[in-house]
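Residue-level listing of the chains:
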Amino acid sequence: MTAHWNIRVLLDDLARRGNKPALMAIQNGLIRELSGDDLASRARSLASSLLRMGVAPGDPVALIGPNGFEWVIARLGIGAAGAVAVAIDEQATETEIRSILAKSQVQRVICSIEHVRALQSFSSTLEIIAFGRQTIPPGVKDFASLISATVEALPQIDPGAPIMLAYTSGTTGTPKAIALTGRNVATNIEALIAANLVGVRDYVLLPLPLHHVYPLVIGLLTALAAGATVVFPESVTGPDILAAVRLAGVTMIVGVPRLYGAICSGLLARVNAAGRAPRTLFHLTVRASAALRRTTALNPGRLLFSGLRKRFGEHLRLLVSGGARLDADILETLVGLGFNVRSGYGLAETASMYTANLPMHTRWGSEGKPIAGEIRIGAPDKTGTGEIELRGPQLFSHYHDNPEATRAAFTADGWFRTGDLGYIDRDGYLFVTGRVKETLVLGGGKKVNPDDLERVYGASPYIREIAILERKGALVALVVPSLDTARAGGAAHIDTAIRVALTSRAQALPPYQRLAGFVIVREPLPRTRLGKYRRFLLPQIYETAEHPLRQAAPAQPSSEDKRLLNQPLARQVYEIMKSRYPDKNLSLDASPLLDLGIDSLEWISFGLELQETLHLRLTENAIGNVTTVRDLLLAALNAVPAPAPHPAESRDWTAPIGPATMLFGAVLYALDWCVMRALFRLVVRGRENLPRQGNFVLIANHSSYLDAPALGAALGYRTVRRCYWASDPVVLFSKRWHWPFLRAMQCYPIFEREPAHSLAVSAAILEWGNNLVWFPEGWRSPDGKLQSFLPGIGHLLARVPTTIVPVHIAGTFEALPRERSLPRLRRIRVVIGDPIAPDRWLALVAAKKDAPQKIADLLQGVIENLGRLTAKPGKT
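Residues numbered from 1 in each chain as written. Predicted model: local features only at pLDDT ≥ 70, side-chain atom pairs only at ≥ 80, totals over all residues. Heavy atoms only, no water.

## Some points on the sheet that holds strand E24 (residues 463-471)
Across the sheet, which stays open at both edges, the 3 strands sit in the order E24-E25-E26 with mixed pairing between neighbours. The sheet is open, and its two borders are formed by E24 and strand E26 (515-520), each paired with just one other strand. Sheet twist, expressed as the mean angle between neighbouring strand axes with direction ignored, is 25°. As judged from the 5 bridges shared by strand E25 (residues 474-481) and E26, these two strands associate in the parallel manner. (Pairing = 2+ DSSP bridges. Helix = DSSP H or I, 4+ residues; strand = E, 2+ residues; numbered from the N terminus. Axes fitted to C-alpha atoms, helices over the stretch in contact; angles between N-to-C directions.)

Written out as structure tokens, the structure reads:
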């Protein structure tokens, strides 16, 4: 750049490049190029054409279209004519486009041809210039002819005059139009060029929509002004971004935190699949590399992980992040891997940038220092945190045609109220902590930043998206589940997995930051194009999800779907679902969980009905792949109809064990007995309540992996030898080296999504005269509290009435909760309650309606009472 920046200076610089590419675009796996000279020539021709059409300096001209050569030519041409560019999101609705055109008083629009018909319906006086491969309709000017027209003298550009109207992202409500001047934009561009972050040898990947100020100013205008080449990927999908990086030799990416989170996931996918030991070693090395880089000028990750980075992009050196805060974990990973990461803080009102972590002025975790102007914290609290206020040359002066909003945005002494919360450390670095408008105020007056909590609660792999909001003075959450992850990870019930994950995370938080409830939704949560939640829409989504209205009847099935429903077995399954869920909108595209409410409790009863009515058994693997009703019907067709499964199918796990295995089991029991008493000071009460004659089912609460070892040591070897343990197949049976231990301890798998088969095996164990140990909650409690009992135990007792022995285990959660890998040495207490004879629930069985769940609820109450007695010293 040879002079103070403006559009005319930029075009002069581009022309001096000659044939060197200014823009690249990937299409069908090939690179298209536009040289600097051609870009400058076409932009000047367009500016001249606009002037001949009557466009005067200061007139608004709208621009709607996808990223690409035409968009950039149009944007530079509008600027060179001295007009005010009004860039509109290509994905905006017709209502939004109409509103922006009216508010901006636009008379001329440059757009992709796909928008012409809608624009023509808005106004007959709107002058439209269209680009695209299709034939330009009558009454619309051809963009291609205007960018090849004769160039005339272009007007001088006043640096203090507006050059664009940029609309706020609308995260909290109606967007406002920000008037930005040439001086606002030039301040940021000149500061970044002076910092030498980007130069003539750089190829800058720009996957963000250019109607936003951040990618426009930082990704496009700054890169072009520095002599770099801007690269547009074919799409913003992961594979196309990766292809663009490799194909174009990209050295720099201008992105947002969500993009870098995806990059981290892609880079670490193989590492995370390599096993626990190498994964742990890798992450420790990354953290050590990042820590060394924070405290010194060394960059060990550049050498240690060069091979890993090359798989993404051999020449990639710089990652620029903006639009939202970059998560600390993502930053640490990228820095530890050796990337040069630069982030900063800004808004559309500051021409996208105000502070930055530039070379020689970097503090990881901060948003850097101001690149120009001043910053202060308004009304700070005792920690120094308050609203961030700004005053400087890159700051806008007013909202277009909105004097009330302008007055509200500035303090009496002229400082801009950003609406963001933060603090400045003693060295002048800015730390952003949240948004004033997005801060949630709870019933007790406590204030919560939802962004921070969403990072904590959203760490579960079963959660694709989570948004936290306030409802009736407490915190609740909207959750979009990751059904693919649940299926791949073997989670039988995604709703239970999410509940357990959220409750587990909450244990490390103060009580006021714990969720009072959550709902699961299937559609992605509303975001801006830069990835921020549109939070003002969330309360209505929550209300609708919690109290769904009956929707319109689903569309008629396709011919292929009709053929599926004409299959006799598929039709029978579908009719069963219609009778079970008469108030739901049943369709082949419906989600069993999200649309029909088939949660972890309902799957058991539903699976049993399929077994008993149709003699149809769906395997755990088959139902694990079900995400729609269509998937379920196809799984039913692919299953082999058969009579109720015989216990011999699990003979390996339930058959009597041989002498060698019995000896191995005795050794394991002895070790367990010693560990429980020596390290955990096991206390057992009520052993005399164990029946001396006949068999029984022992039920207990479940909050830790230590529950089974503690219970086994408490029962005594003679009793344990007659016990079979119902076990989680995913946790225990997924690794073959576990099998000899499980066989010696007489464990057998319970598949929640093969309930009929598992029930038959369990019933056979009791009919053979053995005892059974059953944890009716199904999952370890995430908070140590008793969870709802699943109806499986009720189904079992209804089939084989057997004496129940209730047990309460205390202390295991404190010793080894879900989130710990190594136990604490805490005292464990096991209390064995009075046996419960079958006559206590036989009346429930006779009533039939919801009998299994009612039996489960009755037993849950028994365990709850036993737990209360356990909490009182001296009581059993």
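## Description of the packing of aromatic side chains
What characterises a pair of aromatic rings is the spacing of the ring centres plus the angle enclosed by the ring planes. According to the stated counting rule, one finds 9 aromatic pairs in the structure shown. Seen from their ring centres, Tyr423 and Phe431 are 5.0 Å apart, and the 5° between their planes marks the pair as stacked. What links up through ring pairs into an aromatic cluster is the set Phe396, Tyr399, Phe410 and Phe416. Arg309 extends its terminal NZ or CZ atom over the ring of Phe339, reaching a point 5.8 Å from the ring centre. Taking the ring centre of Tyr429 as reference, the NZ or CZ of Lys369 above it sits at 4.9 Å. (Phe/Tyr/Trp six-rings, centres within 6.5 Å; stacked < 30°, edge-to-face > 60°. Lys NZ or Arg CZ within 6 Å of the ring centre and 35° of its normal.)

## Remarks on the sheet that holds strand E33 (residues 829-832)
Read from one edge to the other, the open sheet built from 7 strands follows the order E27-E33-E32-E28-E31-E29-E30, with strand pairing classed as mixed. The sheet is open, and its two edges are formed by strand E27 (683-685) and strand E30 (747-749), each paired on a single side. The average angle at which neighbouring strand axes cross in this sheet is 25°, direction not considered. Pairing analysis gives 3 bridges linking strand E28 (residues 696-700) to strand E31 (residues 771-774), with the strands arranged parallel. Paired with Leu698 across the bridge in E31 is Val773.

## Section: the side chain of Thr350
Secondary-structure assignment places Thr350 in the loop between strand E14 (340-345) and strand E15 (355-356). Residue classification places Thr350 among the buried positions, given a relative accessible area of 0%. Beyond its immediate chain neighbours, meaning those up to four positions away, Thr350 contacts Asn188, Leu390, Gln394 and Leu395. (Buried < 20%, exposed > 50% of the residue type's maximum accessible area, 1.4 Å probe, protein only. Contact = heavy atoms within 4.5 Å.)

## Remarks on the pairing of strand E3 (residues 60-64)
Along E3, 5 of the 5 residues are buried, which leaves the element largely enclosed by surrounding structure. Across the two faces of E3 the burial is the same, with Pro60, Ala62 and Ile64 and Val61 and Leu63 all buried. In this sheet, strand E4 (residues 84-88) lies alongside E3 in parallel orientation, the contact comprising 5 bridges. The partner of Val61 across the bridge, within E4, is Ala85. Crossover handedness for the path E3 to helix H3 (residues 69-80) to E4: right-handed. Sheet topology places E3 next to strand E5 (residues 108-112); 4 bridges connect them, and they run parallel. Residue pairing in the sheet places Val61 in a bridge with Arg108 of E5. (Right-handed = clockwise from strand over helix to strand, strands pointing away.)

## Brief notes about the pattern of salt bridges
Scanning the model with the defined rule gives 25 salt bridges in all. Between Asp12 and Arg44 there is a salt bridge, and its shortest N-O distance comes to 2.5 Å. Residue Asp12 is found in helix H1 (residues 7-16), and its partner Arg44 is found in helix H2 (residues 36-52); the two are separated by 32 residues along the sequence. Residues Arg16 and Asp13 are paired through a salt bridge, measuring 2.5 Å at the closest nitrogen-oxygen approach. With Arg16 and Asp13 both in helix H1, this residue pair falls 3 residues apart, about one helical turn. In this structure, a network of salt bridges that share partners links the residues Arg325, Asp327, Asp452 and Arg455. (Salt bridge = Lys/Arg side-chain N within 4 Å of Asp/Glu carboxyl O.)

## Thoughts on the side chain of Ser49
By secondary structure assignment, the location of Ser49 is in helix H2. Owing to a relative accessible area of 3%, Ser49 belongs among the buried residues under this scheme. For Ser49, the contacting residues outside a window of four places in its chain are Leu146 and Ala149.

## Some thoughts on the packing of H1 against H3
It is the contact of H1 with H3, at a shortest axis distance of 9 Å, that shows an interaxial angle of 125°. With respect to each other, H1 and H3 are oriented oblique. Crossing angle aside, the handedness with which H1 passes H3 is left-handed. For the pair formed by H1 and H3, the contact residues are Ile7, Leu10, Leu11 and Leu14 on the first element and Leu76, Gly79 and Ala80 on the second. Here the residues of the contact of H1 with H3 are counted per class, giving 6 nonpolar, 1 polar and no charged. (Parallel < 35°, antiparallel > 145°, perpendicular 65-115°, else oblique. Left-handed = near helix turned anticlockwise from the far one by under 90°. Nonpolar A, V, L, I, M, F, W, Y, C, P; charged D, E, K, R; others polar.)

## Topic: the packing of helix H7 (residues 182-194) against helix H8 (residues 213-225)
Orientation of H7 relative to H8, taken along the N-to-C sense of each, is 60°, at an axis distance of 10 Å. For the pair H7 and H8, the sense of crossing is right-handed. Contacts from Val185, Asn188, Ile189, Leu192 and Ile193 of H7 reach H8 at Val217, Ile218, Leu221, Thr222 and Ala225. Grouping the amino acids of the contact of H7 with H8 by side-chain chemistry returns 8 nonpolar, 2 polar and no charged.

## Focus: the environment of Cys723
For Cys723, the location among the structural elements is in strand E29 (residues 723-727). Along the chain, Cys723 and Asn771 lie 48 residues apart, while their C-alpha atoms are 4.5 Å from each other. The contacts of Cys723, once residues within four sequence positions are left out, are Leu715, Met745, Gln746, Asn771 and Val773.

## Focus on unusual backbone geometry
A negative phi holds for most residues other than glycine; trans holds for most peptide bonds. At Asn28, a residue that is not glycine, the phi angle is positive and equals roughly 55°. Asn28 gets classed as exposed once you look at its relative accessible area, which sits at 70%. Here the phi dihedral of Arg681 falls at roughly 50°; this positive angle occurs in a residue that is not glycine. Judged by its relative accessible area of 39%, Arg681 falls in the partly exposed class.

## Looking at a positive patch on the surface
A cluster of basic side chains, namely Arg681, Arg820, Arg824, Arg826, Arg827 and Arg829, defines a positive patch on the protein surface. Relative to the elements of secondary structure, Arg827 occurs in the loop between helix H33 (812-815) and E33. Its relative accessible area of 36% is what places Arg827 among the partly exposed residues. (Patch = residues over 30% accessible without salt bridge, like charges linked within 9 Å, V, L, I, M, F, W, Y side chains within 5 Å. Areas by Shrake-Rupley, 256 points an atom, 1.4 Å probe, with all protein chains shown as cover. Lys, Arg positive; Asp, Glu negative; His and termini not counted. Charge placed at Lys NZ, Arg CZ, Asp CG, Glu CD.)

## What to know about the environment of Ile136
Locating Ile136 in the fold gives a position in the loop between strand E6 (127-131) and strand E7 (141-142). Setting aside its immediate chain neighbours within four residues, Ile136 contacts Ile113, Ala130, Lys141 and Asp142.

## Quick notes on helix H24 (residues 629-638)
Residues Val629, Leu632, Leu633, Ala635 and Ala636 constitute the buried set of H24. Considered in projection along H24, the buried side chains sweep an arc of 160° and stay on one side of the axis. (Arc of directions from axis to C-beta.)

## Digging into the pairing of strand E12 (residues 252-255)
Burial of the side chains of E12 extends over both faces: Met252 and Val254 are buried on one face and Ile253 and Gly255 on the other. Across 2 bridges, strand E10 (residues 203-205) lies against E12 in parallel orientation. Considered in E12, the bridge of Val204 is made with Met252. In this structure, E12 lies alongside strand E13 (residues 318-321), joined through 4 bridges in parallel fashion. Its bridge partner being in E13, Met252 is matched across the sheet by Leu318.

## Here's the deal with a nonpolar patch on the surface
On the surface, a cluster of nonpolar side chains totalling about 700 Å² of accessible area is made up of Leu663, Phe664, Val667, Leu671, Trp737, Phe741 and Met745. No other element matches helix H26 (residues 659-678), which puts 4 residues into the nonpolar patch. Residue classification places Val667 among the partly exposed positions, given a relative accessible area of 42%.

## So, the nonpolar core
Soluble globular proteins tend to pack their nonpolar side chains together in the buried interior. Residues Leu23, Leu39, Leu76, Ile110, Leu220 and Ile253 are the most contacted members of the largest nonpolar core, which totals 132 residues. Ranked by the residues each element gives to this core, the list is headed by H8, at 10 residues. Setting aside residues up to four positions removed in sequence, Leu39 forms contacts with Leu14, Ala22, Leu23, Leu34, Val72, Ile73, Leu76 and Leu224. Counting 59 residues, the second largest nonpolar core, distinct from the first, contains Leu608, Ala714, Trp725 and Val807. (Core = buried A, V, L, I, M, F, W, Y, C linked by side-chain atoms within 4.5 Å.)

## A few points about the environment of Pro380
Locating Pro380 in the fold gives a position in the loop between strand E17 (374-378) and strand E18 (386-391). Accessibility expressed as a relative area gives 48% for Pro380, which makes it partly exposed. Each C-alpha atom of the pair Pro380 and Gly422 lies 8.9 Å from the other, and the pair is 42 residues apart in sequence.

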